[in-house]
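Each chain is listed here by its residues.
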Amino acid sequence: MTANPMSDWSQLRKTLFRRREAMGLRQSDVADRGGFGLRSLERWEAGKAEPHALNLFLWCSVLGIRLTPVMTNTPAAGLQEPTPPVSGRVLAPEEA
């Protein structure tokens, strides 16, 4: 079965939201520490927009969450190497 990137994104953003709240941080705290705009973070958390890869990495870093790639074992037609993952796996700080 193929992973659904939209449900992966939904799960990731909910994890980031819950982590921010558990850390007692305001959205403005995370935006300032990550170096991105508050309005952007508001839209990401609400699911109205998706961050670019660098901003996603910075957002996760501020919250102490590490993203790791997930490789598939099924190569795409005509390719020798496995295709890159559609999404990554979120590791909570205690798993890292």
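Residues numbered from 1 in each chain as written. Predicted model: local features only at pLDDT ≥ 70, side-chain atom pairs only at ≥ 80, totals over all residues. Heavy atoms only, no water.

Visitor: Would you mind going over the overall build of the protein with me for this structure?
Guide: Secondary structure assignment for the protein yields four helices and two strands. Its helices and strands taken in sequence order, the protein reads α-α-α-α-β-β from the N to the C terminus. Taking all 96 residues of the protein together, the buried fraction comes to 25%. (Helix = DSSP H or I, 4+ residues; strand = E, 2+ residues; numbered from the N terminus. Buried < 20%, exposed > 50% of the residue type's maximum accessible area, 1.4 Å probe, protein only.)

Visitor: Even after reading the chapter, I still don't get the environment of R43, so can you show me in this structure?
Guide: With respect to the helices and strands, R43 occurs in helix α3 (residues 38-46). What R43 contacts, discounting residues up to four positions off in sequence, is K48 and A49. (Contact = heavy atoms within 4.5 Å.)

Visitor: I would appreciate a short explanation of α3 in the present structure.
Guide: Structurally, the α-helix is built with 3.6 residues per turn, so residues lying three or four positions apart point the same way. Taken as a whole, α3 has its buried residues at L41, W44 and E45. Seen end-on, α3 carries its buried residues on one side only, within an arc spanning 95°. Following α3 by one or two positions, G47 adopts a phi angle in the positive range, close to 75°. (Arc of directions from axis to C-beta.)

Visitor: Teacher, can you tell me more about helix α2 (residues 27-34) here?
Guide: All of the buried residues along α2 are D29, V30, A31 and G34. Just past α2, the residue G35 takes up positive phi, approximately 80°.

Visitor: Before we go on, may I ask you to explain the pattern of salt bridges in this structure?
Guide: Where side chains of opposite charge bring their charged atoms close, a pairing between them can arise. Under the counting rule described, the total for this entry stands at three salt bridges. Among the salt bridges present, the one from E45 reaches R20, with a minimum N-O distance of 2.7 Å. With a gap of 25 residues between them, E45 in helix α3 and R20 in helix α1 (residues 5-22) connect regions that are remote in the sequence. As far as burial versus exposure is concerned, E45 and R20 are alike and both buried. A salt bridge links D29 to R26; its shortest N-O distance comes to 2.9 Å. (Salt bridge = Lys/Arg side-chain N within 4 Å of Asp/Glu carboxyl O.)

Visitor: Any chance you could explain the nonpolar core here in plain terms?
Guide: A general trend in soluble globular proteins is that nonpolar side chains are found buried together. Among the nonpolar cores identified, the biggest contains 16 residues, and L16, V30, F36, L41, L56, W59 and L63 are the most heavily contacted of them. Listed by contribution, the elements that provide at least two residues to this core are α1, α2, α3 and α4 (53-62). If we skip the residues at most four places from it in the chain, L63 touches L16, R19, R20, M23, L25 and V30. (Core = buried A, V, L, I, M, F, W, Y, C linked by side-chain atoms within 4.5 Å.)

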